[in-house]
Amino acid sequence: MNEKFEEILDKCIDSINKGESIDECLASHPEHAGELLPLLKTVASAHKATQFTPSVEKKQAARQQLIAAMGGVEPVYIEKRPLLGQHIRQDKGMGKRNGNGDYGTNSSFRHNATA
Amino acid sequence: MERITTSRSTRRGAVDKNHKEAMLTSCFNQYFDRIARYIYVRLGDKAEAEDLASEVFLKAYKSLDTFKKREVPMQAWLFKIAHNLLVDHHRKHSKMKTVQIDDKLQIADKSDPMQAAMANLEYGKVLKAMDKLTQDQRQVVELRFFGGLTSEEVGNVMNKSNGAVRQMQSHAIKRLRQLLEKK
């Protein structure tokens, strides 16, 4: 089994993991369909035989435990803000202003910094 | 000046912590089921798998300071924790390798008893076949098929290259095929 075939098989397993059917995988690689079919059938039957979804109650309890460990408040993502020194250094590097009299990519930072 | 530096690093630390906590809760939503399934295939016990999956996230939270997102994706790190917990569980109970497959079959919560029996049979067959794989092949199959990780993420968990994972994967599938086709 060569490296290229292993890569194709790998792509097909990615597709199956994402819910694609075996037929769809084979259609994407018709030149290897004969070799792929029995292997993908094995993957699909192993998938099917070991299906298990935890109960909603248990999952909810586990989530509550995790949030409780975090202090009882669900974390909200805070965007990282460059420090003032970094801002000045970036501005120096940018050099030219764009047509709006702004430094282009740094404008979003400025908005954050004054917010 | 020293006070400003301290305040900056404190703020940076707080943002980092908040960022990692948000990542962890997001991973919980996305990977709890897969981690529970990964554990279930090893233990064959649904309730234990659910409890251990919950423990994975609590343990991850306690070790959040050690997580470096540039080195490994968080989901791969979580599966590493799950693997280590399974090893600990095995040490404590020393029966993981000799799971009494027939005693542990629990898919009998389907409404059709015939269908449940068939499902149990298939599950048992797959577990028995998995036991015949090498330890590395088995781990690749578990992380890739049941954990749903990409081969790169599996490589992160197992400290192997992407190519090595792909090679083990194709050997494992061929071997599984032979074993599952045996009557």
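Reading guide: rules and limits
Residues numbered from 1 in each chain as written. Chains lettered and ligands numbered in written order. Predicted model: local features only at pLDDT ≥ 70, side-chain atom pairs only at ≥ 80, totals over all residues. Contact = placed C-beta atoms within 7 Å. Helix = DSSP H or I, 4+ residues; strand = E, 2+ residues; numbered from the N terminus. Nonpolar A, V, L, I, M, F, W, Y, C, P; charged D, E, K, R; others polar. Core = buried A, V, L, I, M, F, W, Y, C linked by C-beta atoms within 7 Å. Buried ≥ 20, exposed ≤ 12 C-beta atoms within 10 Å, placed from the backbone. Axes fitted to C-alpha atoms, helices over the stretch in contact; angles between N-to-C directions. Parallel < 35°, antiparallel > 145°, perpendicular 65-115°, else oblique.

Any chance you could explain the interface of chain B and chain A here in plain terms?
Much of the literature gives interface size as the accessible area that the parts lose upon coming together. Tallying the contact residues gives 40 residues for chain B and 36 residues for chain A. Elements supplying a minimum of two residues to the side of chain B that touches chain A: helix H1 (2-43), helix H2 (46-62), helix H5 (113-131), helix H6 (135-146) and helix H8 (162-181) of chain B. Sort the elements by how many residues they give to the side of chain B that touches chain A and H1 of chain B lands first, with 14 residues. A per-class count over the side of chain B that touches chain A returns 18 nonpolar, ten polar and twelve charged.

Help me understand the nonpolar core, please; the structure alone is not making it clear to me.
Note on soluble globular proteins: their nonpolar side chains tend to be buried together. Residue and element names in this part refer to chain B. One finds Ile35, Tyr38, Ile39, Ala53, Val56, Leu78 and Phe79 to be the most contacted residues of the largest nonpolar core, which totals 55 residues. Here the element with the most residues in this core is H1; it accounts for eleven residues. Each residue touching Ile39, except ones within four places of it in the same chain, is listed here: Ala49, Leu52, Ala53, Ala82 and Leu86.

Explanation requested: the packing of H6 of chain B against H8 of chain B in the structure shown.
Helix-helix packing is characterised by the crossing angle of the two axes and by the distance between the axes. Residues and elements named next belong to chain B. The N-to-C vectors of H6 and H8 enclose an angle of 95°; their axes lie 9 Å apart at closest approach. Classified by the interaxial angle, the pair formed by H6 and H8 is roughly perpendicular. In this structure, H6 uses Asp136, Gln137, Val140, Val141 and Arg144 to contact H8, whose residues at the interface are Val165, Met168, Gln169, His171, Ala172 and Arg175. Here the residues of the contact of H6 with H8 are counted per class, giving five nonpolar, three polar and three charged.

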